[in-house]
Amino acid sequence: MNIKLITSLKESERKFRSLYEATSDAVILLDEKGFIDCNSATLTMLSLNQKEEFLTRKLTDFYPEYQQNGQPSQQLLKRKIAKAICKGNNHFEWIIKRTDNSEFPVEVLLTAMKVGDISGEKKSFKNRVIQAVIRDITERKRNEEQIKASLAEKEVLLKEIHHRVKNNLQVISSLLRLQSRYIEDENVMEMLKESQNRVRSMALVHEHLYQSKDLSRIDFSEYIRNLASHIFKAYEVKARGVKLNVKVVPVFLNIDTVVPCGLIINELVSNSFKYAFTEESLGNISIDFNYEHNNENKFILQVGDNGIGFPEGLDYKNSGSLGLRLVCSLVRQLKGEIERVNAVGTVFKITF
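Residues numbered from 1 in each chain as written. Predicted model: local features only at pLDDT ≥ 70, side-chain atom pairs only at ≥ 80, totals over all residues. Heavy atoms only, no water.

1. Observations concerning the nonpolar core
One finds F220, Y223, I264, I265 and F289 to be the most contacted residues of the largest nonpolar core, which totals 43 residues. Tallying contributions element by element places helix α8 (residues 255-276) first for this core, with nine residues. Membership of the second largest hydrophobic core comes to 28 residues, among which are L46, F92, I130 and A132. (Core = buried A, V, L, I, M, F, W, Y, C linked by side-chain atoms within 4.5 Å. Buried < 20%, exposed > 50% of the residue type's maximum accessible area, 1.4 Å probe, protein only. Helix = DSSP H or I, 4+ residues; strand = E, 2+ residues; numbered from the N terminus.)

2. Description of helix α9 (residues 322-333)
Between the first and last C-alpha of α9 there are 16 Å, a value that for 12 residues agrees with the 16 Å anticipated at 1.5 Å per step. All of the buried residues in α9 are G323, L324, V327, C328, L330 and V331. Each buried residue of α9 lies within a common arc of 160° when the element is viewed along its axis, so the set occupies one face. Away from its buried face, by an angle of more than 90 degrees, α9 presents the exposed residues L322 and R332. In the segment just after α9, K335 is the residue with positive phi, at about 60°. (Expected span 1.5 Å × (residues − 1). Arc of directions from axis to C-beta.)

3. Considering the sheet that holds strand β10 (residues 295-305)
In space, the five strands of this open sheet follow the order β7-β9-β10-β12-β11, with mixed pairing throughout. Unpaired on one side and paired on the other, β7 (242-248) and β11 (337-341) mark the two borders of the sheet. Between one strand axis and the next, the sheet turns by 15° as a mean value, whatever way the strands run. Contacts from α8 reach β7, β9 (283-292), β10 and β12 (346-351) within the one sheet, and its direction differs from that of β10 by about 20°. (Pairing = 2+ DSSP bridges. Axes fitted to C-alpha atoms, helices over the stretch in contact; angles between N-to-C directions. Contact = heavy atoms within 4.5 Å.)

4. Comments concerning the pairing of strand β3 (residues 89-97)
Relative to strand β4 (residues 103-114), β3 runs antiparallel, the two sharing nine bridges. Counted as the bridge partner of F92 is V108 from β4. Once β3 ends, the chain turns through five residues before running back antiparallel as β4, passing N101 with a positive phi of about 75°.

5. Describing the confidence of the model for the protein
Per-residue pLDDT for the protein has a mean of 80; in total, 85% of the residues score no lower than 70. At the level of individual helices and strands, the protein shows its lowest average pLDDT in helix α1 (residues 3-22), which scores 63, and its highest in β3, which scores 91. (pLDDT = per-residue confidence, 0-100.)

6. Considerations on the side chain of D25
Take D25: it is sitting in the loop between α1 and β1 (26-31). Judged by its relative accessible area of 11%, D25 is buried. Among the polar contacts made by the side chain of D25, one reaches the side chain of R135 at a distance of 2.8 Å. Contact partners of D25, with chain neighbours within four places excluded, come to N39, A41, V133, I134 and R135. (Polar contact = N/O pair within 3.5 Å; in protein donor to acceptor, adjacent residues only side chain to side chain.)

7. Here we look at the pattern of salt bridges
This structure, assessed with the given rule, holds nine salt bridges. Among the ionic contacts, a cluster of salt bridges with common partners joins E93, E107, R140, K141 and E144. (Salt bridge = Lys/Arg side-chain N within 4 Å of Asp/Glu carboxyl O.)

8. Focus on the packing of aromatic side chains
Tallied over the full model, the rule gives 11 aromatic pairs. Every member of this aromatic cluster is reached through a ring pair, and the members are F220, Y223, F289, Y291, F299 and F352. (Phe/Tyr/Trp six-rings, centres within 6.5 Å; stacked < 30°, edge-to-face > 60°.)

9. Describing the sheet that holds strand β5 (residues 128-136)
Strand order in the open sheet made by the five strands is β2-β1-β5-β4-β3, with antiparallel pairing throughout. Here the strands that pair on one side only, and so sit at the sheet edges, are β2 (34-38) and β3. Taken pair by pair, the neighbouring strands of this sheet meet at an average axis angle of 30°, ignoring direction.

10. Here we look at the pairing of β12
For β12, the buried fraction is high: five of the six residues fall into the buried class. Two strands pair when backbone bridges link them, and β10 and β12 are joined in this way by six bridges, in the antiparallel orientation. Bridge assignment links I300 to a residue of β12, and that residue is T351. Between β11 and β12, which pair antiparallel one after the other, the connecting turn spans four residues, and G345 there sits at a positive phi close to 85°.

11. A closer look at unusual backbone geometry
Glycine aside, negative phi is the norm for most residues, and most peptide bonds take the trans geometry. In this structure, S47 takes a positive phi of about 60° despite not being glycine. Here S47 is to be found in the loop between α2 (40-45) and α3 (51-55). With phi around 60°, K335 is a residue other than glycine that occupies positive phi space. With respect to the helices, strands and loops of the structure, K335 is situated in the loop between α9 and β11. When its relative accessible area of 76% is taken as the criterion, K335 is described as exposed.

12. Section: the packing of helix α7 (residues 220-234) against α8
Where α7 contacts α8, the axes come no closer than 10 Å and their chain directions differ by 35°. Between α7 and α8 lies a crossing whose hand is right-handed. Here F220, Y223, I224, L227, I231 and F232 of α7 come into contact with α8, specifically with V258, C261, G262, I265, N266, V269, S270 and F273. Taken together, the residues of the contact of α7 with α8 break down into 11 nonpolar, three polar and no charged. (Left-handed = near helix turned anticlockwise from the far one by under 90°. Nonpolar A, V, L, I, M, F, W, Y, C, P; charged D, E, K, R; others polar.)

13. Section: helix α4 (residues 73-87)
Relative to the 21 Å expected for 15 residues at 1.5 Å per residue, α4 spans 21 Å between its end C-alpha atoms, a close match to the ideal helical length. Every buried residue belonging to α4 is among S73, L76, L77, I81, A84 and I85, and all of these are buried. At its buried positions, α4 is contacted by β3, β4 and β5. At the C-terminal side of α4, G88 shows a positive phi close to 105°.

Structure (structure tokens):
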């Protein structure tokens with residue numbers, strides 16, 4: 001053999017051995033018969049003194065009978081090795097047991113390497129060496145648990161905040177209702193009722209967040225149905241003979257979107273109850289919420305009725321009505337657009 005080639009191979013082996021020993025990760029070589037080699041980090045990780053002692057051990061000596069997911073370790077490891085042989089490598093988390101029986105979590109990278117001529121053979125352990133690079137992740141897991149505990153604590157605190165805000169808003173709503181009992185002027189009573197409904201629509205948002213598993217988003221479909229039900233109860237007398245149709249695409253929205261949407265729906269549905277139908281007529285009120293066609297980042301909210309229609313010549317964008325002024329202001333808050341659709345009755349379309 002060429003002397004230069006031999007020298008080059010020895011130099012490459014020396015460099016490989018130097019890297020092999022320098023890494024803080026445990027590196028183990030094994031085949032179907034057992035362990036072939038390991039670096040010094042392996043001995044430190046497993047509380048062993050001599051490499052010879054490690055090489056006489058069996059693979060089963062270094063893991064508990066069951067992993068954290070409750071699966072038998074031996075069967076699970078066979079599947080992990082089979083996957084590494086099939087795909088070339090496999091990365092996963094594992095539990096290792098030291099010689100003193102203490103256990104700790106690790107991250108494992110298995111790499112399958114061919115040895116000799118294996119052409120025509122099935123992908124099996126035979127004529128292959130597995131390199132296992134093992135990293136102790138005890139500290140990382142401890143930090144993850146601390147972060148999870150901290151997040152859980154903050155979630156409890158946020159839920160408590162939403163619960164208290166909801167309770168405070170309900171107190172305001174109750175005060176408005178009590179105050180209305182001492183009012184004889186029907187216009188003032190109507191104003192108090194409207195304010196009470198607005199407060200209730202906001203309280204519902206916090207109630208949903210308090211009950212939700214995800215504090216950043218609200219099930220908008222469920223929220224709209226609950227809100228519509230509350231408005232119907234508030235206008236119980238006028239709601240006789242009126243049918244509510246709600247069509248809402250399943251979607252979760254954040255609180256900054258739900259609050260203005262809820263108030264918009266409250267104002268428009270309340271207006272329909274107050275102005276759209278005569279005492280003798282039956283009618284429908286509809287709430288539709290969907291994505292814009294071919295654009296799931298844009299929503300369309302339509303609220304309308306099939307009543308007597310919008311008064312001719314009334315500019316809803318410059319109306320003296322507090323409700324319509326509030327609707328237009330909330331649409332601007334959503335950075336959206338509002339238009340009145342030419343249809344039977346009154347239909348408003350908000351795109352945002």
